[in-house]
Amino acid sequence: MLINQKKSAIPLATSEGQFREPITEKRRLIYGGDSSTWLTVEFYDFFADHPIDWVSISHELKLQVCINLEGTATFYVNGSSRVLRANECAIFATSGNRLKAIRSGNQKHCFYALQFSLQWLQHSFHQSIGQSRPAIRGLLSQPERTLPFVECLPLPFPLLPIRKEFLAPPVPQEGAEMWYQGKAIEVLAHLVYLPAKAMSGSERRNQARVEKARAMIERSVADPPSLETIAQEVGCSMSHLSRTFKEALGVNLSDYQRAVSMDAATVYLREGMSVNDTANAVGYRSASAFINVFQKHHQMTPTQWVNAWKKRLQEKPLPDERVFDKSNAIL
């Protein structure tokens, strides 16, 4: 059941909605895939020369979640559109061909697609349907009357690690099935329910500042901006940004910046880059300072980490395709 690779073809859609010649893309079935399982997890990694319609057409009503790592997609449903960007997620339901999701052309696309069976959802969430998002509430209570829907949301901070863990679960192989099921339930717990209360105007502004600060950090690993620069860019004081960032994500701004750099470092080390070059690639001019920070974050030195990774690779080979492009080094 766990990890199955296969190739498939996705038809290209022109601006007039007609399909162009099919292209070969990388689609990997990570978990599930048969009618007896309530969960299916797929991984997509491809470059689109032209716009493509990537949502699987199914006559069975399903709840789907897309965790978007790279590339932009636009959903068209019920006469409106929603845009899904990198490091965001979408939760949607579709049956037949009444929902389209067009992946932009001339872009690299990388994302996970999770599909949940309606029967399992109804059994698991029947006691808390009233607290769920309206569209999901309708899906679970009156599926026969449900129209396709989609909501695009920032990827919640607690879910960030799964962007790399889904391809290499941090558990023994015997526990992988349990791990995938637990993570899928965690994803739903973050996305199915409404926020505790509606946000005020100042709360929406603070959320936008936090998201902008997070994006600045993640796209500037090689040349990390100072906290003062980030605060100036998002339009508030350092103290205000630090406080709102901690309230929103549960981690200090400086700790988040350090975590992004240290996780990016593992990508370079895994590719065989030296410790000195890795230090430079993630914004450290001193290799010794980099080693000290890496050791505090990962509980081992970079060399120890590489040795441990090689040992794990021998025990359980990792997928050969990369999830993250080192040009942006977002982890």
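**Some thoughts on the overall build of the chain**
Then step 1. When you go through the chain residue by residue, the secondary structure sums to 11 helices and 11 strands.
Then step 2. Within the chain, the fraction of its 331 residues that count as buried is 47%.
Then step 3. Of the contacts made within the chain by residues no fewer than 6 positions apart, 69% connect residues no fewer than 24 positions apart.
Then step 4. For the chain, the accessible area works out to roughly 16,500 Å², and carbon and sulfur atoms hold 50% of it.

**What about helix 10 (residues 287-298)?**
Then step 1. Over its 12 residues, helix 10 runs 16 Å from end to end, which matches the ideal 16 Å to within 8%, given 1.5 Å per residue.
Then step 2. Turning to helix 10, its buried residues are Phe-290, Val-293, Phe-294 and His-298. Viewed along the axis of helix 10, the buried residues span an arc of 110 degrees, placing them on a single side of the element.
Then step 3. Phi for Gln-299, located one or two positions after helix 10, is positive at around 65 degrees.

**Some words on the sheet that holds strand 9 (residues 100-103)**
Then step 1. With antiparallel pairing, the four strands of this open sheet are ordered in space as 4-9-6-7. Because the sheet does not close on itself, it has two edges, and the strands there are strand 4 (52-53) and strand 7 (80-84).
Then step 2. Relative to strand 9, strand 4 runs antiparallel, the two sharing two bridges. Looking at the pairing, Asp-53 lines up with Ile-102 of strand 9.

**Describing the packing of helix 5 (residues 201-219) against helix 7 (residues 238-249)**
Then step 1. Contact pair helix 5 / helix 7: the axes reach a minimum separation of 9 Å and the direction vectors enclose 90 degrees. One element, helix 5, and the other, helix 7, form an angle in the roughly perpendicular class. In contact with Asn-206, Arg-209, Val-210, Ala-213 and Arg-214 of helix 5, helix 7 contributes His-240, Leu-241, Thr-244, Phe-245, Ala-248 and Leu-249.
Then step 2. In terms of residue class, the contact of helix 5 with helix 7 is built from six nonpolar, three polar and two charged.

**Quick word on the confidence of the model for the chain**
Then step 1. Residues with a pLDDT of 70 or more make up 82% of the chain, whose mean pLDDT is 79.
Then step 2. Averaged pLDDT values for the elements of the chain fall to 36 in strand 1 (residues 4-10) and rise to 94 in helix 9 (residues 275-281).
Then step 3. Confidence drops under pLDDT 50 across residues 1-25; counting only partners more than four residues distant or on other chains, this segment forms 62 contacts.

**A few points about the packing of aromatic side chains**
Then step 1. A complete count under the given rule lists 18 aromatic pairs for this structure.
Then step 2. Seen from their ring centres, Trp-38 and Trp-120 are 3.9 Å apart, and the 10 degrees between their planes marks the pair as stacked. Remark: Trp-120 occurs in helix 1 (residues 118-125) and Trp-38 occurs in the loop between strand 2 (23-31) and strand 3 (39-48); sequence separation between them is 82 residues. By the burial criterion, Trp-38 is buried, and Trp-120 matches it.
Then step 3. On the numbers, 4.8 Å between centres and 10 degrees between planes, the contact of Tyr-44 with Phe-111 is stacked. Of this pair, Tyr-44 sits in strand 3 while Phe-111 sits in strand 10 (residues 107-117), and the two are 67 residues apart along the sequence. For the pair Tyr-44 and Phe-111, one class covers both residues: buried.
Then step 4. Here a set of aromatic residues connected by ring pairs shows up, and it is made of Tyr-31, Phe-43, Tyr-112, Phe-166, Trp-179 and Tyr-180.
Then step 5. When the ring centre of Phe-111 is taken as reference, the NZ or CZ atom of Arg-103 above it lies at 3.9 Å.

**A few points about the side chain of Glu-165**
Then step 1. Within the fold, Glu-165 resides in helix 3 (residues 162-165).
Then step 2. Salt bridges are absent for the buried Glu-165, whose nearest opposite-charge side chain, Lys-183, sits at 4.3 Å.
Then step 3. With sequence-adjacent residues up to four places away left out, Glu-165 is seen in contact with Pro-170, Trp-179 and Lys-183.

**With respect to the pattern of salt bridges**
Then step 1. Within the structure shown, the criterion is met by nine salt bridges.
Then step 2. Across the pair Lys-108 and Asp-45 runs a salt bridge whose closest N-O atoms are separated by 2.8 Å. Of the two residues, Lys-108 is situated in strand 10 and Asp-45 in strand 3; the sequence distance between them amounts to 63 residues.
Then step 3. We classify Asp-45 as buried; its relative accessible area is 10%.
Then step 4. A salt bridge links Asp-53 to Lys-100; the shortest N-O distance between them is 3.1 Å. One end of the pair, Asp-53, is in strand 4; the other, Lys-100, is in strand 9, with 47 residues separating them in the sequence.
Then step 5. Assessed through its relative accessible area of 35%, Lys-100 is described here as partly exposed.
Then step 6. A cluster of three or more residues bridged by salt bridges with shared partners is formed by Asp-45, Glu-70 and Lys-108.

**Structural notes on helix 5**
Then step 1. For helix 5, spanning 19 residues, the distance from its first C-alpha to its last is 27 Å, which sits close to the expected 27 Å at 1.5 Å a residue.
Then step 2. Of the residues making up helix 5, those classed as buried are Asn-206, Arg-209, Val-210, Ala-213, Arg-214, Met-216, Ile-217 and Glu-218.
Then step 3. If you follow the buried residues of helix 5, they end up packed against helix 3, helix 6 (227-234), helix 7 and helix 8 (253-270).

**A few points about the nonpolar core**
Then step 1. Formed by 72 residues in total, the largest nonpolar core has its most connected members in Ile-67, Tyr-112, Leu-114 and Phe-116.
Then step 2. Grouped together as the second largest cluster of nonpolar side chains are 18 residues, Ile-52, Ala-73, Leu-84 and Ala-101 included.

Thresholds applied
Residues numbered from 1 in each chain as written. Predicted model: local features only at pLDDT ≥ 70, side-chain atom pairs only at ≥ 80, totals over all residues. Heavy atoms only, no water. Helix = DSSP H or I, 4+ residues; strand = E, 2+ residues; numbered from the N terminus. Buried < 20%, exposed > 50% of the residue type's maximum accessible area, 1.4 Å probe, protein only. Contact = heavy atoms within 4.5 Å. Areas by Shrake-Rupley, 256 points an atom, 1.4 Å probe, with all protein chains shown as cover. Expected span 1.5 Å × (residues − 1). Arc of directions from axis to C-beta. Pairing = 2+ DSSP bridges. Axes fitted to C-alpha atoms, helices over the stretch in contact; angles between N-to-C directions. Parallel < 35°, antiparallel > 145°, perpendicular 65-115°, else oblique. Nonpolar A, V, L, I, M, F, W, Y, C, P; charged D, E, K, R; others polar. pLDDT = per-residue confidence, 0-100. Phe/Tyr/Trp six-rings, centres within 6.5 Å; stacked < 30°, edge-to-face > 60°. Lys NZ or Arg CZ within 6 Å of the ring centre and 35° of its normal. Lys, Arg positive; Asp, Glu negative; His and termini not counted. Salt bridge = Lys/Arg side-chain N within 4 Å of Asp/Glu carboxyl O. Core = buried A, V, L, I, M, F, W, Y, C linked by side-chain atoms within 4.5 Å.

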